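One-letter residues, chain by chain:
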Amino acid sequence: MEFTIAKATLELIKGDITEVEADAIVNAANSTLLGGGGVDAAIHNRGGPKILEECKRLREKEWPDGLPTGNAVITTGGNLKANHVIHTVGPIWHGGVHEEPKLLRRSYWNSLKLASMKELKTIAFPSISTGSYNYPTEEASIIAIKAIKDYLEKEDKIKKVTIVLFSNRDLDIYNKAAIEILTAK
Ligand code: AR6
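None of these values were measured; they are calculated from a predicted model. (Residues numbered from 1 in each chain as written. Predicted model: local features only at pLDDT ≥ 70, side-chain atom pairs only at ≥ 80, totals over all residues. Heavy atoms only, no water.)

Undergrad: Where do I start with the packing of helix α1 (residues 38–47) against helix α2 (residues 49–61) in this structure?
TA: For any two helices packed against each other, one specifies the crossing angle of their axes together with the interaxial distance. In the contact formed by α1 and α2, the axes pass within 6 Å of each other and the chain directions differ by 115°. Touching Ile43, His44 and Gly47 of α1 are Pro49, Ile51, Leu52 and Cys55, all from α2. (Axes fitted to C-alpha atoms, helices over the stretch in contact; angles between N-to-C directions. Helix = DSSP H or I, 4+ residues; strand = E, 2+ residues; numbered from the N terminus. Contact = heavy atoms within 4.5 Å.)

So this is what it looks like as C-alpha cells:
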C-alpha cells in the first residue's frame, strides 16, 4: 500500500530488501557491526566485502565498544542496487518494560536523520527487531510507522520511505497499522 505523509510517500511492500533500489537501505544490525543472521547476513552476502571493511573501520575509529542500541551509521552499498547501507541496532525484546519502544523509535529516527544529513531522498527499512530480536510485529509496526510519520512531518528532505516486509503476514500487520495511524477518521 502507499500513503502520503506531508510531502513524502510511505510505501509498504513484500520483498527482499537486498533487491530494492534506493539511496539507502537499512540494516537490522547488532552492536558489533560485524554481521550476523537475517537481513544482516543477506545484505553482507549480496553487498560484498566493501560493506564489512567500512563497518570494521567504523568500529575501530568511532565505536570501539560497539554501536549502542538505537544508533545508526552509514556505509557504502557495495554491490547492492542501493548506494548506501545505514546500519542500526534495534532493541532485543525483553517483555517491553526495558525501554524497547523508545529504543526502537530511536533506530528509525536516527536512520532517517542520517539519511537527511547525507541528502538522501529514498530509504528502505526492513522490520527492525522483529526477527532474532523477538520484538512482537504488531507493536513494532506501530512504533515504526509513528516514527516515520513524525519524522516526515518535521523534515521534508526525504521523498520516499519504503518498508520491505519478508512475509504476507508481516505486510498485513504493517498495512493495518499504517491505515490506523495514517488514515484520517
Ligand atoms: N529482506 C527483508 N526482510 C528480511 C530479509 C530480507 N532479505 N531477511 C530477513 N528479513 P532480523 P532483528 C526480515 O532477525 O530482529 C541478525 O543476526 C525477518 O523476517 O534480520 O533486528 C543481526 O546481526 C524479520 O521480519 O533482525 C542481529 O544480531 C526482519 O527482517 C539480529 O539479527 C528482522 O529480522 C537483529 O535482529
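The structure having been displayed, the exposition proceeds.
Undergrad: Help me understand the environment of Ile13 in this model?
TA: Position of Ile13 relative to the elements: it lies in strand β2 (residues 8–14). Residues Ile13 and Tyr174 lie 161 residues apart in sequence; the distance between their C-alpha atoms is 9.5 Å. Setting aside residues up to four positions removed in sequence, Ile13 forms contacts with Thr162, Ile163, Val164, Leu165 and Leu171.

Undergrad: So what exactly am I meant to see when it comes to unusual backbone geometry here?
TA: In terms of backbone geometry, most residues other than glycine have negative phi values and most peptide bonds are trans. Phi at Ala6 takes a positive value of approximately 50°, unusual for a residue other than glycine. Its location among the elements puts Ala6 in the loop between β1 (2–5) and β2. With a phi close to 60°, Leu33 is a non-glycine residue in the positive phi region. Note that Leu33 resides in the loop between β3 (24–29) and α1.

Undergrad: Can you walk me through the site of the ligand in this structure?
TA: Residues in contact with the ligand amount to 22 residues; listed here are only the nearest, Asn30, Gly37, Asp40, Gly131 and Ser132. Gly37 is positioned such that a nitrogen or oxygen atom in its backbone is 2.6 Å from an oxygen atom of the ligand. Summarising the interface, the protein chains cover 89% of the accessible area of the ligand, which totals 700 Å² for the free molecule. Elements that contribute at least two residues to the shell around the ligand include exactly β3 and α1. Residue contributions to the shell around the ligand peak at four residues, all from α1. Considering only residue class, the shell around the ligand consists of eight nonpolar, 11 polar and three charged. (Near = heavy atom within 4 Å. Polar contact = N/O pair within 3.5 Å; in protein donor to acceptor, adjacent residues only side chain to side chain. Areas by Shrake-Rupley, 256 points an atom, 1.4 Å probe, with all protein chains shown as cover. Nonpolar A, V, L, I, M, F, W, Y, C, P; charged D, E, K, R; others polar.)

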